[in-house]
Amino acid sequence: MVPIVVFASGRGSNFDSIQRAIEEKKLNARILAVISDKKDALVLSKAEKAGIVSLHVAAPVSSTQSVLERRMAHEKKILEEIQKLKPQFLVLAGYMRILTSEFINEFRSEKGYVRIVNIHPSLLPSFPGTDAYAQAFRYGAKVSGVTVHFVEPKVDSGPICAQEVFSIEDCHTVGEVEKRGLEIEHRLYPQTLSWVLTEKFEIERRSEGRFYVRQN
Ligand code: GRF
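The structure reproduced in this document is the subject of the present report.

Definitions and cut-offs
- Residue indices begin from 1 for each chain and proceed along its sequence in written order.
- The predicted nature of this model means local features are confined to residues of pLDDT at least 70 and side-chain atom pairs, given and counted, to a pLDDT of 80 or more, with totals for whole chains, interfaces and linings taken over all residues.
- The basis for the side-chain values is all heavy atoms of the structure; hydrogens and waters are excluded.
- When DSSP finds at least two bridges between two strands, those strands are taken to pair.
- Put simply, DSSP marks the helices as runs of H or I at least four residues long and the strands as runs of E at least two long, and each gets a number from the N terminus on.
- Seen with its strands pointing away from the viewer, a crossover is right-handed if its path from the first strand over the helix to the second goes clockwise.
- Lines fitted to C-alpha atoms define the axes here, with helix axes fitted over just the stretch in contact, and angles between the N-to-C directions of these axes take values from 0 to 180 degrees.
- In this analysis, two residues are considered to be in contact whenever any of their non-hydrogen atoms come within 4.5 Å of each other.
- Whether a residue is near a molecule or strand depends on its heavy atoms: if one lies within 4 Å, it is near.
- Any N or O atom pair separated by 3.5 Å or less is treated as a polar contact, with the protein-specific requirement of one donor-capable and one acceptor-capable atom, and with residues adjacent in sequence counted only for side-chain atom pairs.
- All accessible-area figures derive from a Shrake-Rupley calculation using a 1.4 Å probe, and residue coverage is judged against the displayed protein chains alone.
- Here the term cavity refers to a set of points on a 1 Å grid, laid over the protein atoms alone, in which a 1.4 Å probe fits but cannot get out; the term pocket refers to an open set having protein on both sides within 12 Å along at least five of seven lines, with lining residues being those that place an atom within 4 Å of a point.
- Molecules are considered to sit inside a cavity or pocket once more than half of their atoms lie within 2 Å of its grid points.
- Charged residues are taken to be Asp, Glu, Lys and Arg, nonpolar residues to be Ala, Val, Leu, Ile, Met, Phe, Trp, Tyr, Cys and Pro, and polar residues to be all remaining types, Gly included.

## Section: the pairing of strand β3 (residues 53–56)
Logical step 1: Summarising the sheet, strand β2 (residues 29–36) and β3 pair through 4 bridges and their orientation is parallel. Following the sheet pairing, S36 is matched in β3 by H56.
Logical step 2: You can see the chain leave β2, run along helix α2 (residues 42–49) and come back into β3, and the turn it takes is right-handed.

Here it is as structure tokens:
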């Protein structure tokens, strides 16, 4: 079982889907802890209920420090927790903070990729950043999507593990887009993690310097 730590800031529906996949033996992993930057995040109470260590690691609020200094101080506290737990992978599931390159590089494998995975609610590289389903809807896009990718220092970049597209032409609200997207997320994330966490893939460097993740 691959030991993982899940990072999340909110409701935790992706945490639920990962936890369910583990229980149903579709995903050979063990969640050592759930870490959240938000004290009242629903995901923490969900983890506690499931008997999983749930940790709230608050970000410092000092006004004398720069954003970067605060970010690094926060990550230092997180790293202290992680070093005790020794996970093989970090799984981001709705974690709403930007990670520094220093933190990310702590998890870089000897093969070059970073052992941190993220799910983003768009067809990257379209609509990076927050509220991606809303961004696609408000833009008038005909399709939206879901991307599972390795984390790299540039936000919402990194080699793509899996993507799925869905039509939003007949959606009248952002809520409808999100509902459709989340259904895909809850299937795609555990499914993708099942081969990513066991490192059954190759990352090929193809023309123009792009990276291509190929499942073995
Ligand atoms: C999901 O849409 C995920 O793709 C994005 O944030 C949302 C988190 O939802 N990164 P939940 O907390 O897993 O329910």
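There is more to say after this.
## Quick look at the sheet that holds strand β5 (residues 116–120)
Logical step 1: With mixed pairing, the 7 strands of this open sheet are ordered in space as β3-β2-β1-β4-β5-β6-β7. The sheet terminates laterally at β3 and β7 (160–167), the two strands that pair on one side only. Across the sheet, the axes of successive neighbouring strands diverge by a mean angle of 20 degrees, strand direction being ignored.
Logical step 2: Pairing between strand β1 (residues 2–7) and strand β4 (residues 89–92): 4 bridges, direction parallel. Residue pairing across strands places V5 opposite L90, the latter belonging to β4.
Logical step 3: Packing against the sheet, helix α6 (residues 174–196) makes contact with β4, β5, β6 (143–150) and β7, and its axis sits at approximately 155 degrees to β7.

## Focus: the site of the ligand
Logical step 1: Taken together, the residues surrounding the ligand are R11, G12, S13, N14, G94, I119, P121, L182 and E185.
Logical step 2: Residue S13 places a side-chain N or O atom 2.5 Å away from an oxygen atom belonging to the ligand.
Logical step 3: Relative to its unbound accessible area of 360 Å², the ligand is 87% covered by the protein chains.
Logical step 4: Using a 2 Å cut-off from the grid points, one finds that the ligand occupies the largest pocket.
Logical step 5: Of all elements in the fold, only α1 (13–23) and α6 reach the threshold of two or more residues within the shell around the ligand.
Logical step 6: Classifying every residue of the shell around the ligand gives 3 nonpolar, 4 polar and 2 charged.

Everything listed is a geometric property; what it means functionally is a separate question.
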